[in-house]
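Here is what each chain is made of, one letter per residue.
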Amino acid sequence: MNEKLLFIEIFTVFSLLLLAKKFFGKNGVLAWIPLATITANILTVKNASIFGLNTAIGSVMFASTFLATDILTECYGVKDAQRGVLMGFFGAVMFMICSQIALLYSPSSIDYASEAMKNLFALNLRVNLASVIMYLAANMADVFLYDKLKKRTAGKKIWLRNNVSTILCNCAENFMFVFFGFYGVYNFSQCMEIACSISIIEAIVGVCDTPFLYAALDRKSVV
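From a predicted model like this one, the values you see are computed outputs, not experimental measurements.

Asker: Looking at this structure, how should I read the packing of helix α3 (residues 78–104) against helix α5 (residues 125–152)?
Answerer: To describe two helices that pack against each other, one gives the angle between their axes and the distance between the axes. Running from N to C, α3 and α5 cross one another at 170°; their axes reach a closest spacing of 10 Å. The orientation of α3 relative to α5 falls into the category roughly antiparallel. Only Asn-128, Val-132, Tyr-135, Leu-136, Asn-139, Met-140, Val-143 and Asp-147 of α5 make contact with α3, whose side of the interface consists of Val-78, Ala-81, Gln-82, Gly-84, Val-85, Leu-86, Gly-88, Phe-89, Ala-92 and Met-96. The class makeup of the residues in the contact of α3 with α5 is 12 nonpolar, 5 polar and 1 charged.

As structure tokens, then:
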């Protein structure tokens, strides 16, 4: 059941990103990145077993930020893609700060959400810092690598630069995040197991985003 849901989520999330581009153009893709980053940070609290591997539910939404930056790089240029990454970084930091302020309020007698919010948004400074720093590093690296491969292939082989940049940068982000955020809480072998499990799922997601990148291309929008 979880495996079917994974592919349903991939199709749904990536299709929504294409709709954002169709209706709002470049601004829709730019807006998608911080929205997806914030949503991924919320969803990633929940874990599920997919293909026998424990993975965070926010993986697909987070992976969509790589698709978004690839669309921006391909259609509008590196500067817009980098701008999108910075917008996502700002959104993640804003969410982290504002959610912590919300938790400081004393709940009223009719409140029913405070305890659930504490469980969902409780701040682990080390993990949160690891998350935002690795997000910024991985997505900037993705933009850089995608652009370099585009130039090396003379604008051809979109599938190659999309898969190489997305999978390499996403998987590198997983390993750096897990070790930065959890080493010491888990031992080396446990960290490796967690990072490998997440990377396998996100590599599958990364391969699945290629048809959506082709679908997003509109040569009239390329500058």
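Asker: What's the story with the packing of aromatic side chains in this structure? I'm lost.
Answerer: In this structure the tally under the stated criterion is 10 aromatic pairs. Between Phe-179 and Phe-188 the ring centres are 5.4 Å apart and the planes differ by 50°, which places this aromatic pair in the tilted class. Accessibility expressed as a relative area gives 23% for Phe-179, which makes it partly exposed. Here the aromatic cluster, defined as three or more aromatic residues joined through ring pairs, consists of Phe-11, Phe-14 and Phe-212.

Asker: Explain unusual backbone geometry here, please?
Answerer: Where the residue is not glycine, phi is negative for most of them; where a peptide bond is considered, it is trans in most cases. Phi at Ala-154 takes a positive value of approximately 55°, unusual for a residue other than glycine. Residue Ala-154 is classed as exposed on the basis of its relative accessible area, which comes to 65%. For Lys-157, which is not glycine, the phi torsion reads 55° and is therefore positive. Along the chain, the position of Lys-157 falls in the loop between α5 and α6 (158–182).

Asker: Sorry, what's going on with the nonpolar core here?
Answerer: Core analysis: the largest hydrophobic core is formed by 39 residues, its most contacted members being Phe-14, Leu-17, Trp-32, Leu-67, Ile-71, Leu-72 and Val-205. Where this core is concerned, the elements lending two or more residues are α1 (2–43), α2 (59–75), α3, α5, α6, α7 (188–208) and α8 (210–216). At 12 residues, α1 tops the list of elements feeding residues into this core. Sequence-distant contacts of Trp-32, defined by excluding residues within four places in its chain, comprise Val-13, Leu-16, Leu-17, Ala-20, Met-61, Ser-64 and Ala-68. Counting 8 residues, the second-largest nonpolar core is a separate cluster that includes Val-127, Ala-130, Ala-195 and Ile-198.

Asker: Explain the pattern of salt bridges to me, please; I cannot follow it from the model alone.
Answerer: Should the charged atoms of two oppositely charged side chains come close, the side chains can pair. Applying the stated rule across the entire model yields 5 salt bridges. Put simply, Lys-26 and Asp-80 hold a salt bridge, and the shortest N to O gap is 3.5 Å. A residue pair is termed long-range when its members are at least 10 positions apart, and Lys-26 in helix α1 and Asp-80 in helix α3 qualify at 54 residues. For Asp-80, a relative accessible area of 15% corresponds to the buried category. Where Asp-147 meets Lys-151, a salt bridge forms, and the shortest distance between an N and an O atom there is 3.3 Å. Of this pair, Asp-147 and Lys-151 both sit in helix α5, 4 residues apart, roughly one helical turn. When its relative accessible area of 15% is taken as the criterion, Asp-147 is described as buried. Relative accessible area serves as the criterion here: at 58%, Lys-151 is assigned to the exposed category.

Asker: I tried to follow the side chain of Asn-163 on my own but got confused; where do I start?
Answerer: Here Asn-163 lies in helix α6. Here Thr-210 takes part through its side chain, which lies 3.0 Å from a polar atom of the side chain of Asn-163. In this structure, Asn-163 is in contact with Leu-168, Gly-206, Val-207 and Thr-210, ignoring residues within four places of it in sequence.

Asker: Before we go on, may I ask you to explain the environment of Gln-100 in this structure?
Answerer: On the secondary structure map, Gln-100 appears in helix α3. Put simply, Gln-100 and Ala-48 are 52 residues apart on the chain and 26 Å apart in space, counted from C-alpha to C-alpha. At a separation of 3.4 Å, a polar atom in the side chain of Gln-100 contacts the side chain of Ser-99. Of note is the side chain of Gln-100, whose polar atom sits 2.8 Å from the backbone oxygen of Phe-121.

Conventions used here
- One numbering rule holds for all chains: residues counted from 1, following each sequence as written.
- The predicted nature of this model means local features are confined to residues of pLDDT at least 70 and side-chain atom pairs, given and counted, to a pLDDT of 80 or more, with totals for whole chains, interfaces and linings taken over all residues.
- Water and hydrogen atoms play no part in the side-chain values, which are based on all heavy atoms of the structure.
- Axis definition: a line fitted to C-alpha atoms, limited for helices to the stretch in contact. Angles are taken between N-to-C directions and run from 0 to 180 degrees.
- Counting from the N terminus, the helices are the DSSP runs of H or I reaching at least four residues and the strands are the DSSP runs of E reaching at least two.
- Orientation is classified from the angle alone, with under 35 degrees giving roughly parallel, over 145 giving roughly antiparallel, 65 to 115 giving roughly perpendicular, and any other angle giving oblique.
- Throughout, a residue-residue contact means that at least one pair of heavy atoms, one from each residue, lies within 4.5 Å.
- As a working rule, the residues Ala, Val, Leu, Ile, Met, Phe, Trp, Tyr, Cys and Pro are called nonpolar, Asp, Glu, Lys and Arg charged, and the rest polar, with Gly in that last group.
- Only the six-membered ring of Trp is used, alongside the rings of Phe and Tyr, when aromatic pairs are assigned; centres must lie within 6.5 Å, and planes under 30 degrees apart are stacked while those over 60 apart are edge-to-face, with the rest tilted.
- Using a 1.4 Å probe on the protein chains alone, a residue whose accessible area is under 20% of its type maximum counts as buried, one over 50% counts as exposed, and one in between counts as partly exposed.
- As used here, the term nonpolar core means buried Ala, Val, Leu, Ile, Met, Phe, Trp, Tyr and Cys residues forming a set that is joined through side-chain atoms within 4.5 Å.
- Throughout this description, the term salt bridge denotes a Lys or Arg side-chain nitrogen within 4 Å of a carboxyl oxygen of Asp or Glu.
- Under the rule applied, a polar contact is a pair of N or O atoms within 3.5 Å (in protein, one hydrogen donor and one hydrogen acceptor; residues adjacent in sequence only if both atoms are side-chain atoms).

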